[in-house]
Amino acid sequence: MTLTAPLPWAGIELPNRLQLAPMAGPGGLAFRRICEDWGAGLTITELVSARAIVYDPYFDHNARYLDISSLQAPAAIQLFAFDPDDLRQAIPRLLQHPLYSQTAFIDLNMGCPVKKVVQTGAGSALMRTPDLAARLVEAAVEAARPFGKQITVKFRSGWDQDHINAPSFAKLLQEAGASALALHGRTREQMYTGQADWEIIGETAAQVQIPLAANGDIQTWQDCQVLLKTYKADACMIGRAALGRPWLFAEILAQDQGIAFQAPEGQEWADHILHHYQLSAQSLGPEMAMREFRTSLSYYFKGLREAARFRRALSDLRTLQDLEILVAEVVQANTLD
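Keep in mind the model is a prediction, meaning the values are calculated, not measured. (Residues numbered from 1 in each chain as written. Predicted model: local features only at pLDDT ≥ 70, side-chain atom pairs only at ≥ 80, totals over all residues. Heavy atoms only, no water.)

Participant: So what about the pairing of strand S11 (residues 235–238)? Which residues, and what values?
Facilitator: Residues Ala235 and Met237 of S11 are buried on one face, and the alternating residues Cys236 and Ile238, pointing to the opposite face, are buried as well. Bridge analysis of strand S3 (residues 18–20) against S11 gives 3 bridges, and the strand direction is parallel. For Leu18, the partnering residue across the bridge sits in S11 and is Cys236. Running through helix H9 (residues 221–230), the crossover from strand S10 (residues 212–215) to the neighbouring parallel element S11 is right-handed. (Buried < 20%, exposed > 50% of the residue type's maximum accessible area, 1.4 Å probe, protein only. Helix = DSSP H or I, 4+ residues; strand = E, 2+ residues; numbered from the N terminus. Pairing = 2+ DSSP bridges. Right-handed = clockwise from strand over helix to strand, strands pointing away.)

What follows is the structure, encoded as structure tokens:
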């Protein structure tokens, strides 16, 4: 099985088996567009509260997080919820909207470990209430069916090391109507630390007949091969490894085809950075984009010479000219004589 092979997924066909994991913060629209350009076969929005949509009928406060307007490859909207009724109301509102109805499918977040999400009973808290998780999927499937859209779910291996339940949880989601799944091989207790458990991904894949994407510590083509061949995942979902290195998708796909790949360097790297910022400015406006782009830049600087000094300079960025000067300094410091 090659990574470049198309993959049937939630009622559509993905162009390949590499997906960008939904990520809050630096995983906004501009980053998703960048990863799409570098070959990601699927991108998913930052998680959005279904209840917030119910009480925000004109999407005034959620529009930036739901935006998929400029994406060309398959793109989906991710919701989180703790009340099935919220999904019954939020999903039709989304799918009746001229823009958001273009979503490839609806993804339900049952893996976010952040306290403000978990304390509502949503996100990875649902690993402790599988019956509620199943009811949420059933409600979402019912709400999306009239619009011809399917439901997928992203979840974790369990709540903590003493409560690993991903295989039975996945089977329950499948029975409730989910058409595809993505499993992050960490518990809620781990958050984003420690090592992802790929064994549990294999155990979960063996329990379901719907497609399963593996997520957690995927950084190389070799990682993908192990997950697809040994652990029988259907796709690889890459998250934090792509921050500061969105060309990772192109690198892995090239290696899958036996093609040499050269990551951007020098002026090409600088041009990429400026393009990323300009995409952010288009959707957020120059000032907000610059404030938020500082986080993305810190990832781009990882592993470079004098990275610490350049990170300290991020707080001084105000204008595009400031960014151009800083990026030029980074290139100069990292160009071999």
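Participant: Before we move on, could you go through the layout of surface pockets and cite the residues and values that matter?
Facilitator: Of the volumes computed, that of the second largest pocket is approximately 280 Å³. Contributing to the lining of the second largest pocket are 20 residues, with Gly28, Leu29, Arg64, Leu284 and Glu292 lying nearest its centre. Listed by contribution, the elements that provide at least two residues to the lining of the second largest pocket are helix H1 (29–37), helix H3 (63–66), helix H11 (266–284) and helix H12 (286–300). With 5 residues, the top contributor of residues to the lining of the second largest pocket is H12. Taken together, the residues of the lining of the second largest pocket break down into 9 nonpolar, 7 polar and 4 charged. (1 Å grid on protein atoms, 1.4 Å probe; cavity = no way out; pocket = protein on both sides within 12 Å on 5 of 7 lines; lining within 4 Å. Points joined across faces, edges and corners; volume = space filled by probe spheres on them. Nonpolar A, V, L, I, M, F, W, Y, C, P; charged D, E, K, R; others polar.)

Participant: How would you summarise the state of the cysteines if you had to cite specific residues and measurements?
Facilitator: The final tally for this structure, using the stated rule, is 0 disulfides. Cys35 supplies the cysteine sulfur nearest to Cys112, a cysteine that is in no disulfide, at a spacing of 19 Å. Summary of cysteine pairing: Cys236 is not part of a disulfide, and the nearest cysteine sulfur, belonging to Cys224, is at 3.5 Å. (Disulfide = S-S within 2.5 Å.)

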